[in-house]
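# Survey of secondary and tertiary structure
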Amino acid sequence: MRVHIVDPSAYTPPYDHALCAALGAAGAEVELITSRPPYGEAPAPDGYQRRELFYGLAHRRPLAGPRGRAQTALKLAEHVPEMLRYRHLAARADIVHFQWLTVQPLDVHLLPRPRPRPRLVATAHDVLPREPRRGQRAAQRRLYERVDAVVVHTRHGADRLIELGLDPQRVHVIPHGVLRPWEHARVGGSTPVGAATRQLAAELPAELRDAQGPVVLFFGLWRPYKGIDLLLHAWRGIEGAQLWIVGMPRMDTAPLVARAPAGVRFLPRFVSDPELGALMRRASLVVLPYREIDQSGVAFSALGAGAPLLLSNVGGFPEIAATGAARTFRAGDTRELHAALARLLADPPALGEMAAAARAAAAANGGPFSWNAIARAHLALYERLLE
């Protein structure tokens, strides 16, 4: 079976790498069609081929800061001819599986045309855009209607798609897999799917190496829906620990810094994969106070590091909590978040039990979020479509 995994923007290189490697290990002939990552480096292919077809000019070099208007305009100019170019390549595949399509009003007209193959699959990492541009939501729904199957990571996401009017027979729940991008950060090497976490020479970011005592970590792009403001409010009165807010800003950070209580440290920059691994291992607790979400790659990176999680009860987060690796609180409730933070920081045995549950959920053999199981689920879907 020839499978193309297509991610034009290289939005989630660790996810793409893990999925392609798992499918390749399961016997599929896999090619990742993507672009150079705008931040950091791509993992070395492991059991699959990688082709950088998209955004050769816009992604010419990794960025150190936020994307500018010029780069966005350049990507848009490159997008249409490169999608049309990919149409010809798609004829070589049995399955074309899109991970992200970023210009939905155009992409709905640029998809490959099956005659009778390839069959088209799309993963709805975000069921609908949370910060949509004009017409983007309607266009994304039309995209879902054009493909043969839509993969979602949670039952919550599947229910939302069905409420939008999609045929339930075309909606398939396959969990998000555990992520360990720091395992693939070595020059000239990669880690087989399901291997145990390797001891890397990664260190904490230099700005944070002097920290003592427990650490609560928020990591990821800083966006309004992620509830950083709620977390800062809930942190007031927490003593004996530090709160680290780490990641690339996608919003005005001045109000956040101005209202930060004692014990909060900000690191507003891109963090390399080795640094991320060190951050996750250093954290006593990873907290994601999102206002809304379907599922989060950050949460699955925490699971990959065996870190306990404190999550708002939105989207698919309760499904992670059902494994025992996370506790949840009512989204937007800063009092409940404060109480949960204080309770967990005062209970190291509970944190230890949650960490053990995280490791079990991520285990290669039997873990619900292992890539071995996820690859089998994808291949079973592909085979049904080809029948």
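Below or above, wherever it landed, is the structure these notes cover.

## Structural notes on the packing of aromatic side chains
Enumeration according to the criterion identifies eight aromatic pairs in this entry. Three or more aromatic residues link up through ring pairs in this structure, and these residues are Tyr225, Tyr290 and Phe317.

## Side note on helix 11 (residues 334-345)
Here helix 11 contains twelve residues, and its C-alpha end-to-end distance of 16 Å stays within 8% of the 16 Å for a straight helix at 1.5 Å per residue. Considered for burial, the residues of helix 11 that qualify are Thr334, Leu337, Ala340, Leu341 and Leu344. Taken end-on, helix 11 shows its buried residues confined to a sector of 120°, consistent with a single buried face. Away from its buried face by more than 90 degrees, helix 11 exposes Arg335 and Arg343. Tucked inside the fold, the buried residues of helix 11 contact strand 8 (215-219), helix 6 (228-235), strand 11 (285-288), strand 12 (309-312), strand 13 (326-329) and helix 12 (348-362). Looking at where helix 11 begins, the residue whose side-chain oxygen comes 3.2 Å from the main-chain nitrogen of Arg335 is Asp333.

## Topic: the packing of helix 1 (residues 13-25) against helix 13 (residues 371-386)
One way to put it is that helix 1 packs onto helix 13 with a least axis distance of 9 Å and a crossing angle of 70°. Judged by the angle between their axes, helix 1 and helix 13 are roughly perpendicular. Along the contact surface, helix 1 presents Tyr15, Ala18, Leu19, Ala22 and Leu23, while helix 13 presents Trp371, Ala375, His378, Leu379 and Tyr382. Grouping the amino acids of the contact of helix 1 with helix 13 by side-chain chemistry returns nine nonpolar, one polar and no charged.

## Structural notes on unusual backbone geometry
The backbone of Ala10 sits at a positive phi, close to 50°, despite the residue not being glycine. By secondary structure assignment, the location of Ala10 is in the loop between strand 1 (2-7) and helix 1. In this structure Ala10 comes out as buried when scored by relative accessible area, which is 4%. At Tyr55, a position not held by glycine, the phi torsion is positive, near 55°. Structurally, the position occupied by Tyr55 is in the loop between strand 3 (49-54) and helix 2 (69-90). Given a relative accessible area of 2%, Tyr55 falls into the buried group.

## Describing the side chain of Ser370
Positionally, Ser370 belongs in the loop between helix 12 and helix 13. Relative accessible area serves as the criterion here: at 3%, Ser370 is assigned to the buried category. Setting aside anything within four residues of it in sequence, one finds Ser370 in contact with Ala361, Ala362, Ala363 and Ala364.

## Quick look at the sheet that holds strand 10 (residues 264-267)
The sheet built from six strands is open, its strands ordered 10-9-8-11-12-13 with parallel pairing. Only two strands of the sheet have a single neighbouring strand rather than two, namely strand 10 and strand 13. Taking the axes of each pair of neighbouring strands and ignoring which way they run, one obtains an average angle of 25° across the sheet. Note: strand 12 against strand 13, four bridges, orientation parallel.

## Thoughts on the pairing of strand 8
Burial analysis of strand 8 places five of its five residues in the buried class, the great majority of the element. With burial as the criterion, each face of strand 8 is covered, one bearing Val215, Leu217 and Phe219 and the other bearing Val216 and Phe218. With five bridges connecting them, strand 8 and strand 9 (residues 242-246) associate as parallel partners. Within strand 9, the residue paired with Val215 across the bridge is Gln242. Handedness of the crossover is the feature at issue here: the chain leaves strand 8, passes through helix 6, returns alongside strand 9, and the resulting connection is right-handed. Summarising the sheet, strand 8 and strand 11 pair through two bridges and their orientation is parallel. Following the sheet pairing, Leu217 is matched in strand 11 by Val286.

## Notes on the pattern of salt bridges
Summed over the entire model, instances satisfying the criterion amount to 14 salt bridges. Of the charged contacts in the structure, one is a salt bridge between Arg265 and Asp210, with a shortest N-O distance of 2.9 Å. With Arg265 in strand 10 and Asp210 in the loop between strand 7 (171-173) and strand 8, this residue pair connects regions lying 55 residues apart in the sequence. Residue Asp229 is joined to Arg291 by a salt bridge in which the shortest nitrogen-to-oxygen separation is 2.8 Å. Here Asp229 is found in helix 6, whereas its partner Arg291 is found in the loop between strand 11 and helix 9 (297-304), with 62 residues between them in sequence. Three or more residues are tied together by salt bridges with common partners; here these are Arg2, Asp94 and Arg117.

## Points about the sheet that holds strand 1
Neighbouring strands of a sheet are bound in pairs by backbone hydrogen bonds; such pairs are parallel or else antiparallel. Ordered by their spatial adjacency, seven strands build an open sheet running 3-2-1-4-5-6-7, and the pairing between neighbours is parallel. Sheet topology places strand 3 and strand 7 at the edges, where each strand pairs with a single neighbour. The sheet shows a mean angle of 25° between the axes of neighbouring strands, taken without regard to direction. Looking at chain direction, strand 4 (residues 95-98) and strand 5 (residues 119-123) are connected through four bridges and run parallel. Across the sheet, residue Val96 finds its bridge partner in strand 5, namely Leu120.

## Digging into the packing of helix 6 against helix 11
Between helix 6 and helix 11, the shortest axis-to-axis distance is 8 Å and the interhelical angle comes to 60°. Accordingly, the angle class assigned to the pair helix 6 and helix 11 is oblique. Crossing geometry of helix 6 relative to helix 11 is assigned as right-handed. Between helix 6 and helix 11, the residues in contact are Leu230, Leu231, His233, Ala234 and Trp235 and Thr334, Leu337, His338, Leu341 and Leu345, respectively. Split by residue class, the contact of helix 6 with helix 11 holds seven nonpolar, three polar and no charged.

Basis of the calculations
- Residues numbered from 1 in each chain as written.
- Predicted model: local features only at pLDDT ≥ 70, side-chain atom pairs only at ≥ 80, totals over all residues.
- Heavy atoms only, no water.
- Phe/Tyr/Trp six-rings, centres within 6.5 Å; stacked < 30°, edge-to-face > 60°.
- Helix = DSSP H or I, 4+ residues; strand = E, 2+ residues; numbered from the N terminus.
- Expected span 1.5 Å × (residues − 1).
- Buried < 20%, exposed > 50% of the residue type's maximum accessible area, 1.4 Å probe, protein only.
- Arc of directions from axis to C-beta.
- Contact = heavy atoms within 4.5 Å.
- Polar contact = N/O pair within 3.5 Å; in protein donor to acceptor, adjacent residues only side chain to side chain.
- Axes fitted to C-alpha atoms, helices over the stretch in contact; angles between N-to-C directions.
- Parallel < 35°, antiparallel > 145°, perpendicular 65-115°, else oblique.
- Nonpolar A, V, L, I, M, F, W, Y, C, P; charged D, E, K, R; others polar.
- Pairing = 2+ DSSP bridges.
- Right-handed = clockwise from strand over helix to strand, strands pointing away.
- Salt bridge = Lys/Arg side-chain N within 4 Å of Asp/Glu carboxyl O.
- Left-handed = near helix turned anticlockwise from the far one by under 90°.

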